[in-house]
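Next come the chains, spelled out residue by residue.
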Amino acid sequence: MTKKGWAWYLTLGIFYLGLATLIFSFYSRSLQVRTFHSDEETEAVFEGNDWVTWKDTPKGVVVTNVHPLPLYKPIDKDRLRIGDRLLSMDYTTITQAEVVDNITKSSRPGYIFIARVERTDPTNLSVETREPLIRNGFRLTFSFNQFAAYWHIISWVVGIGAFVSLVMLVILLPIIRGSIRDYLPLLGIVITALLFFMLQLLHHVYLIVESDLVSTGFEKVFILIYCLLLFMYGGYYFYFKSESKNILFVLPSVLAGGYLLYNFYDIIFVSGELKYFHDIIENYSALYFLMHVLTGVVLYLEDNWKVRAMRRLVGLMVIAGVSLLGIWYYFLPHPSAVINKEHIFFLLNLLLFFPLINATFLQLQFGKVSLVVTQTLQYMVAFLVSVILYLLVIQLFDYTQPNIQYRRLLEFVTFVILVVVLRLIYVSNENRLSKYFVSSQQEKLSRFKSFIARIPQYTSSRILRKDLVEQLTEFFNAEVVHLWWKGDAPDSSAEQAHHEKQESIYGQLTRQLTVWSKTKEISPFRLTNDLEKYVLNSPYTLISPITVDKDDYALLLLGKKKRGVYNLSDLELISQLIQQTQLTLNVLQLITREKELIQQTYEANLTALRSQINPHFLFNTLNSITYLVHESPDLAEEAVEKLAFIFRYTLRMSSQNFVSVSSEMSLISTYLDLEKIRFGERLDIHIEIDPAVKDIQIPAFILSTLVENCVKHGISKIMGKGLISIEAFKEEGFMVCEVIDNGPGIDLSRIHKSTGLSNSIARLENIYEIKNLLYFENTGNGTLVRLKIPLVDTPQIS
C-alpha cells in the first residue's frame, strides 16, 4: 500500500466531521418533528397530494397521468383512468387544473374526495359518468409528487440497473475466484447494488399490480431494507475507492449508519410515525450515500493523480462545495423555492448507477475486458429478445384465447418453451452467430494468437526479436516497445548505466518469478527504492523478463497504451508469448551450436579446397599445357599464366569469407578459359552479368564450386558439343545467379551426398538463416542451378 499524503487524511477528517454533523442534524430535526401536537400543525408542514396529473384542455380538466402509488388508492375498485374529464370534486364544479392542485394541497393528508368524472369508452365511444373516491396522501418517500413521468423512467432505470448488476456478478465471480479476499469491496458493491436495484424493481412492480401495500406493511419493510442496502452500497464503494486495507477506518461510517437505521426502525415500527418522517428518512439516506460516494472519489483522486497540488486543490474544492451545498439546502430556510426536490431525487436515482459502473469497470479494465464486453453484449441481446418474445406471447394469447382458464400459467410455459428452443437454435449455430459479437479488438487478438502459434517456426533469433517488437507495438498500440537483450553492447556510458540497471531489474523479477507494472492490480510487486524510482521515471508501464539460459536473457519493456490500460488478459497473452519465445530461442540456440559445428567442418573443407586445387583439374590442365608446348607455345604460355592467376587468387582469398560478384566471375572466367583449352571447340561459354550486381558480396568460392560441378559432372560426360551458361541479375530482394549446362542432367538424390554441394547448402543456411537459397533442377536437356543471395548487409561470421 502506498503512503497516504496529508491531503488524504485531511479529506478523511472532513468526512468524519461531516458524518458527525449529519447525525446531529438528524437528531435535531427528529426532535423538531416530534414537537407537533395537533393535526393542524402537521398539515401546516406536510402537504397532501392526490398523485394524479391534471391538465387543462379544450374539453375541460383531464387526467393525463395516474401514479401507481400506494397512497393513491380509491375506496372502491372504480379508480381514475387517464383521459377522464373531471366535472366536480366534493360537489364543487372544477374548471381549471390549478384549482384541483390547490384543493389537494390545502386538504389534510388522508382526506377522501368524492370526484365526478366523465369517461369515454374506447370501444363504442359511449360517454358515461363515474364517481370514484380519491384518498389524499402524504408525500411518499422514494417517489415523485409533481412529475409522475419520472416514476416510469425510474422503473426502467432500476430494471436495467438490476440486470447490469447481475451481469457484473456473473462475469466477476470467475475472474476473482483466485483472490477473492482482495476483491471483497468490489464484490460487496456489486452484490449490494444487485439487491438494491432488485428491491426497487420489486417495489415498482408491486405498486403497478396494485397490491394493498398499507395492510401488508410492505412499504415499511421496503423503506428499512432500502436504507440498509443504500448504506451498504455507499459504504462498500467508499471502502473500495479509498484503497485502504484497514477495516477500522470505516468504523465511523458503520456507527453513523447503524445510528440512523436504528432510529428509522424506531420511527417505522415502534412509534408508527412514518408519515411524519417520510421526507426526513429520504433526505438523510440520500445524504449518507452521497457523502460516501463523493468522499470515496476524492480519496481516490488524492491518492492516484500525478499532479499532487492539483489533486489536493480539486479534492478540497469538491468537499467544500458539497459541504456548503448541503448546509445551504438542509439548514437554511426554504431552499425548496430554488431547487425542486423531485429533480434532485431523480438525479439521485440516476447517480445510483455511478458506484456500480465506476467501481466494476475500473477494476475489470485490469481483468478480462474482451470477455466482459462480449458477454455483456450477448446477455443484453438475450434479455431484449426475451422481453420481445414475452410481449409477443401475450399478444398471441390476447388474439387467440383471451379468456382461457389458467392463461397466465400457459403464457409463462409457452414463453419458457420458446426460450429453450431459441437457446438450442443458438447453440447449434453458435459458430455462425458468435461472429456478430466479435469486436475489432478480438480480431486483432486472433491475429496476435496466430503469431504466437507461429513463433516455433522461426529459424532466426534476429528476425524473431524484430517481429516480436513489431507485433507487440501493433497489437497493444503502445507508445514504446523495447526488447533489451543482455548480449547487446551499450553504445555509450549512459547506455552502460541503463544496461546495469536493467540487469538488476531482471535479477529481482526472476528471483520473485513475477513482472513489474505501474498498475498494482496487474502486479503488486515493487523493486528496490533506486530501481523503483528509475522505472517510474521511465516511459515503461510493464516489464517482463525473458530467460533463455543463465547467460542469455532479456527484458520486455512496454510503454503505456494509447487507449486503455494493460489488463489480466494482456498479461496472459504476454506470458504465452514469452513462453513460446523462450522455448524457440532455446531450440535456435541448439541449432546455432549445430551450425557452428557445420561451419567449422565447412571451414576445414574450404581450407582444404584453398590449399589444394582439385587434382583432376590440375592434372588435366598440365596435360593440356604439355601438349600445347609443342603445338602452340603462345597458347601454352597463356594457359600457364591463367593457372598462375588461379593459384594467386586462391592464396589471396584464403582468409576472406566474402568476395564481390565481379571478383568471383574473374576466377570463373579464368577457370573456364583453361577448360576451353582442354575441350576446344566442344565447349561454348555464355556469361551475362547485370552491372547492378557486380559489387554485391557473396560467399567466396560459392559460384566456382557450382561451375566446376557443371563441367565435371555435365560437360565431361557427353560426346557432343557442351554449353556452360552463367547469368546474374536482381530479382525481388535477391541477387540471382543461374548456372546451366547441357549435360546428362543431375541426379537430385545425390546432391546431399556430394561434399561440395552439401557444404554449399549448409554454408548458405548458416550465413543467411534462410533455407532453399540453392535450387537444382534436371531440365531433361541438362542441369539448372539457381543461387539466391539476399540483398542485405554482409553478414558477420564468427
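Residues numbered from 1 in each chain as written. Predicted model: local features only at pLDDT ≥ 70, side-chain atom pairs only at ≥ 80, totals over all residues. Heavy atoms only, no water.

Caption draft 1: Structural view of the overall build of the chain. A tally of helices and strands in the chain yields 25 helices and 18 strands. Going through the 798 residues of the chain one by one, you find that 44% of them count as buried. Summarising the internal contacts of the chain: among those between residues at least 6 apart in sequence, 70% fall at separations of at least 24. Counting only carbon and sulfur atoms, one obtains 59% of the accessible surface of the chain, whose full area is about 42600 Å². (Helix = DSSP H or I, 4+ residues; strand = E, 2+ residues; numbered from the N terminus. Buried < 20%, exposed > 50% of the residue type's maximum accessible area, 1.4 Å probe, protein only. Contact = heavy atoms within 4.5 Å. Areas by Shrake-Rupley, 256 points an atom, 1.4 Å probe, with all protein chains shown as cover.)

Caption draft 2: Structural context of unusual backbone geometry. For Y91, which is not a glycine, the phi torsion comes out positive at approximately 65°. Looking at where Y91 falls in the secondary structure, it is placed in the loop between β3 (85–89) and β4 (92–93).

Caption draft 3: Structural context of the packing of helix α22 (residues 633–652) against helix α23 (residues 661–679). Running from amino to carboxyl end, α22 crosses α23 at an angle of 145°, the nearest separation of the two axes being 10 Å. Between α22 and α23 lies a crossing whose hand is left-handed. Judged by residue contacts, A639, K642, L643, F645, I646 and Y649 of α22 engage S663, E664, S666, L667, T670, Y671, D673, L674 and I677 from α23. Grouping the amino acids of the contact of α22 with α23 by side-chain chemistry returns nine nonpolar, three polar and three charged. (Axes fitted to C-alpha atoms, helices over the stretch in contact; angles between N-to-C directions. Left-handed = near helix turned anticlockwise from the far one by under 90°. Nonpolar A, V, L, I, M, F, W, Y, C, P; charged D, E, K, R; others polar.)

Caption draft 4: Representation of the nonpolar core. Core analysis: the largest hydrophobic core is formed by 65 residues, its most contacted members being F197, L260, F264 and I281. Within the residue set of this core, elements represented by two or more residues are α1 (6–33), α4 (148–176), α5 (184–208), α7 (218–242), α8 (251–270), α9 (274–304), α11 (341–351) and α12 (353–364). If near-sequence neighbours (up to four positions away) are discounted, F197 is found in contact with V158, G161, A162, S165, Y233, L352, F353 and L356. Within the second largest apolar cluster, 50 residues are counted, among which are M665, L683, L703 and I746. (Core = buried A, V, L, I, M, F, W, Y, C linked by side-chain atoms within 4.5 Å.)

Caption draft 5: Summary view of the packing of α1 against α8. At a minimum axis distance of 10 Å, the contact between α1 and α8 shows a crossing angle of 15°. With respect to each other, α1 and α8 are oriented roughly parallel. Crossing hand, α1 versus α8: left-handed. Of the residues in α8, those touching α1 at F15, Y16, L19, L22, I23, F26 and Y27 are P252, S253, A256, Y259, L260, N263, F264 and I267. By residue class, the composition of the contact of α1 with α8 is 13 nonpolar, two polar and no charged. (Parallel < 35°, antiparallel > 145°, perpendicular 65-115°, else oblique.)

Caption draft 6: Main features of the sheet that holds strand β9 (residues 516–517). Pairing is antiparallel in the open sheet, where four strands are placed in the order β8-β11-β10-β9. Of all the strands in the sheet, the pair left with one neighbour each is β8 (481–485) and β9. Taken together, the two bridges between β9 and strand β10 (residues 540–549) define a ladder with antiparallel strand orientation. Across the sheet, the residue bridging to S517 is L542, located in β10. Of the strands in this sheet, β8 and β11 (552–559) touch helix α17 (residues 461–476), which is tilted by about 155° from β8. (Pairing = 2+ DSSP bridges.)

Caption draft 7: Representation of α8. Over its 20 residues, α8 runs 27 Å from end to end, which matches the ideal 28 Å to within 8%, given 1.5 Å per residue. For α8, the set of buried residues is S253, A256, G257, L260, L261, N263, F264, I267 and I268. For α8, the angular spread of the buried residues around the axis is 165°, confining them to a single face. For α8, the exposed residues set more than 90 degrees away from the buried face come down to V254, L255, Y262 and V270. Just beyond α8, the residue with positive phi is G272, at close to 65°. (Expected span 1.5 Å × (residues − 1). Arc of directions from axis to C-beta.)

Caption draft 8: Structural context of the packing of aromatic side chains. Enumeration according to the criterion identifies 16 aromatic pairs in this entry. Judged by centre distance (5.7 Å) and plane angle (75°), the rings of F26 and F264 are edge-to-face. Here F264 lies in helix α8 and F26 lies in helix α1, a separation of 238 residues in the sequence. For the pair F26 and F264, a shared accessibility class is recorded, and that class is buried. Ring geometry for F26 versus Y284: centroids 5.5 Å apart, planes at 75°, classification edge-to-face. You can see F26 sitting in helix α1 and its partner Y284 sitting in helix α9, a full 258 residues away along the chain. With relative accessibility at 0%, the residue F26 sits in the buried group. Residue Y284 is classed as buried on the basis of its relative accessible area, which comes to 1%. Here the aromatic cluster, defined as three or more aromatic residues joined through ring pairs, consists of F15, Y16, F238, Y239 and F249. Positioned over the ring face of F734 is K788, at 4.4 Å from the centre of the ring. (Phe/Tyr/Trp six-rings, centres within 6.5 Å; stacked < 30°, edge-to-face > 60°. Lys NZ or Arg CZ within 6 Å of the ring centre and 35° of its normal.)

Caption draft 9: Layout of the sheet that holds strand β16 (residues 734–741). Pairing is mixed across the open sheet formed by five strands, whose spatial order is β13-β15-β16-β18-β17. Only two strands of the sheet have a single partner each, and these edge strands are β13 (683–689) and β17 (774–778). The sheet shows a mean angle of 10° between the axes of neighbouring strands, direction not considered. Contacting β13, β15 (722–731) and β16, α23 crosses the sheet at an angle of about 170° to β13. Contacting β15, β16, β17 and β18 (783–790), helix α24 (residues 702–713) crosses the sheet at an angle of about 15° to β16.

Caption draft 10: Structural detail: the pattern of salt bridges. Tallied over the full model, the rule gives eight salt bridges. The shortest N-O distance in the salt bridge between E128 and R130 comes to 3.0 Å. Shared partners join several salt bridges into a network, and the residues in it are E731, E738 and R786. (Salt bridge = Lys/Arg side-chain N within 4 Å of Asp/Glu carboxyl O.)

Caption draft 11: Summary view of the pairing of β17. In the sheet, β17 pairs with β18 via five bridges, with the strands oriented antiparallel. When the sheet's bridge partners are listed, F776 is paired in β18 with V785. In this antiparallel pair of consecutive strands, β17 and β18, the connection spans four residues, and G780 shows a positive phi of 95°.

Caption draft 12: Examining the confidence of the model for the chain more closely. Per-residue confidence for the chain averages 75 on the pLDDT scale, and 73% of its residues sit at or above 70. With pLDDT under 50 throughout, residues 333–337 is counted as low confidence; its partners more than four residues away or in other chains account for three contacts. Predicted confidence is poor over residues 608–613, with pLDDT under 50, and the contacts of this stretch with residues over four places away or in other chains come to ten contacts. (pLDDT = per-residue confidence, 0-100.)

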